[in-house]
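Each chain, written out:
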Amino acid sequence: MTSVTDLLFPVHKSRDELKQHIIWKNQEYVTNLPLQMLLYFNCFYFPFWFIGSLVILDLKWERLIDLYRIVLVAIYVVYFIIEVVRLYLGYLGNLMERVPELAGSWLLTLLLTFPLILLLNINDNALLLPLERALHILMAIFVGLEVIVGYFAIRAMVNYQVTKYHLQQFSDLDNMEDNEYFPETRYTS
Amino acid sequence: MQATGLIPARFLTIIAHLVLVIVILWTRDENIKMSLAEEYSQSEFDQKNTEFIVALSITLGLFAVELIGFVGGVTMFMSFQGLLSTAAHSAAAIALSYFLFDQWPCEWYWYIFGFCSALPAITEAVYIIGILCFRKGF
């Protein structure tokens, strides 16, 4: 699993000890503010988006062909579940600075929510009404920005925790009494 | 200044107003027809159409000003601006809902624009200039 994480979020190997020391001294936290704001406002926007989408679906139900009735119902059900999980994991991961939760939230956003919201936006065969277009465009802006900002947030967090782990190895060398003692870090794999 | 419920309220009312403006931008025809006589020429329709599009585009521009001030953090924690913005945008959302459903003539939009879009945007711009240029507030 570390190999996949290293592939997606590579650590800069060229940092030298002095820079690591500066990073260690100056940074107290790696919680990303723009990502937190996006998640916060997304939490508030989501119920209204969902209710609006369901109302529109009810209005156009008669005129939809069978395929799009099934597809749209499936999309909304899946989106509801995924969104709740994603927002909760994102909140937890960003505020508690935990990489696994934040990476999980980012992957859910990139791989599931992003294609679904694009499909809702672009597919004209499902009789897109103006209100639906407005709501979905806003949601797509939220999701797109979360994908971009989330990537940088995770990269900064991974860098910080890797350097912290390396420095902890050096600073705890004096405190180690036997071979079974390992410093506990949050960067678990 | 503690984080109260004013911030999400302000955000949601701005978004509601924005969504309604986008919907009206897309479905202008009925409102323009309501403001013309029974028989109208195409040139009259086009003139009103252009005027209406200009009004809606200015509204979107003022939205950009207000959103930059709010999301950029400049006026996010100022309670007076937040209260004014919330009140103006919620009034606009209600009025625009009536505008859509009752098909008001498109001239009446200018009143909604004046009280509910221009007013918060102007106070927002005043605050932004005050903070950035004259270092008021901090």
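Residues numbered from 1 in each chain as written. Chains lettered and ligands numbered in written order. Predicted model: local features only at pLDDT ≥ 70, side-chain atom pairs only at ≥ 80, totals over all residues. Heavy atoms only, no water.

**Q** Go over the overall build of chain A with me, naming the residues and quoting the values.
**A** When you go through chain A residue by residue, the secondary structure sums to six helices and zero strands. Taken from N to C terminus, the helices and strands of chain A fall in the order α-α-α-α-α-α. Buried residues in chain A amount to 41% of all 189 residues. Here chain A has roughly 11,200 Å² of accessible surface; of this, 66% comes from carbon and sulfur atoms. (Helix = DSSP H or I, 4+ residues; strand = E, 2+ residues; numbered from the N terminus. Buried < 20%, exposed > 50% of the residue type's maximum accessible area, 1.4 Å probe, protein only. Areas by Shrake-Rupley, 256 points an atom, 1.4 Å probe, with all protein chains shown as cover.)

**Q** An account of helix H4 (residues 66-95) of chain A is requested, with residue identities and associated values reported.
**A** Residue and element names in this part refer to chain A. Between its first and last C-alpha, H4 extends 44 Å over 30 residues, near the 44 Å set by a 1.5 Å rise per residue. Turning to H4, its buried residues number three or more, namely Tyr-68, Leu-72, Ile-75, Tyr-76, Tyr-79, Ile-82, Glu-83, Arg-86, Leu-87, Gly-90, Gly-93 and Asn-94. Tucked into the core, H4 has its buried residues touching helix H3 (33-59), helix H5 (99-122) and helix H6 (130-171). Phi turns positive one or two residues past the end of H4, at Glu-97, with a value near 55 degrees. (Expected span 1.5 Å × (residues − 1). Contact = heavy atoms within 4.5 Å.)

**Q** Any chance you could break down the pattern of salt bridges for me, citing the residues and the numbers?
**A** All names here are of chain A. Scanning the entire structure with this criterion turns up nine salt bridges over all chains. One salt bridge connects Arg-69 with Asp-66, and the closest N-O pair in it is separated by 4.0 Å. Here Asp-66 and Arg-69 lie together in helix H4, a separation of three residues that amounts to about one turn. Using a relative accessible area of 22% as the deciding quantity, one classes Arg-69 as partly exposed. (Salt bridge = Lys/Arg side-chain N within 4 Å of Asp/Glu carboxyl O.)

**Q** Help me get a handle on the interface of chain B and chain A, residues and values and all.
**A** The figure often quoted for interface size is the accessible area lost as the parts come together. At the interface, 14 residues of chain B touch 13 residues of chain A. Counting across the interface, chain B meets chain A through zero salt bridges. Where chain B packs against chain A, one counts zero residue pairs in polar contact (both at pLDDT 80 or more). In terms of residue count, the dominant contributor to the side of chain B that touches chain A is helix H1 (residues 6-26) of chain B (ten residues). (Polar contact = N/O pair within 3.5 Å; in protein donor to acceptor, adjacent residues only side chain to side chain.)

**Q** Help me get a handle on the nonpolar core, residues and values and all.
**A** Formed by 72 residues in total, the largest nonpolar core has its most connected members in Tyr-45 and Trp-49 of chain A together with Tyr-109 of chain B. Mapped onto this core, the elements with two or more residues apiece are H3, H4, H5 and H6 of chain A together with H1, helix H3 (42-71), helix H4 (79-101) and helix H5 (109-134) of chain B. Residue contributions to this core peak at 15 residues, all from H6 of chain A. Beyond its immediate sequence surroundings of up to four residues, Tyr-45 of chain A is in contact with Leu-135, Leu-138, Met-139 and Phe-142 of chain A together with Phe-11, Leu-12 and Ile-15 of chain B. (Core = buried A, V, L, I, M, F, W, Y, C linked by side-chain atoms within 4.5 Å.)

**Q** Run through the environment of Ser-105 of chain A, naming residues and quoting values.
**A** Residue and element names in this part refer to chain A. Along the chain, Ser-105 falls in helix H5. Judged by relative accessible area, Ser-105 falls into the buried class, the value being 6%. Each C-alpha atom, one on Ser-105 and one on Asn-94, is 9.8 Å from the other, the two residues being eleven residues apart in sequence. With sequence-adjacent residues up to four places away left out, Ser-105 is seen in contact with Arg-86, Leu-89 and Gly-90.

**Q** How would you summarise unusual backbone geometry if you had to cite specific residues and measurements?
**A** In most cases, non-glycine residues show a negative phi, while peptide bonds are predominantly trans. Non-glycine residue Glu-97 of chain A carries a positive phi angle of around 55 degrees. Its place among the elements puts Glu-97 of chain A in the loop between H4 and H5. Residue Glu-97 of chain A is classed as buried on the basis of its relative accessible area of 10%. Of note, Gln-103 of chain B is a non-glycine position whose phi angle comes to about 55 degrees, a positive value.

**Q** Describe H3 of chain A, and please don't skip the residues or the numbers.
**A** Spanning 27 residues, H3 of chain A covers 39 Å between terminal C-alpha atoms, matching the ideal 39 Å at 1.5 Å per step. The axis of H3 of chain A is deflected most strongly, by about 35 degrees, at Tyr-45 of chain A, and proline Pro-47 of chain A appears within four residues downstream. (Bend = angle between axes of the 7 residues up to and from the residue.)

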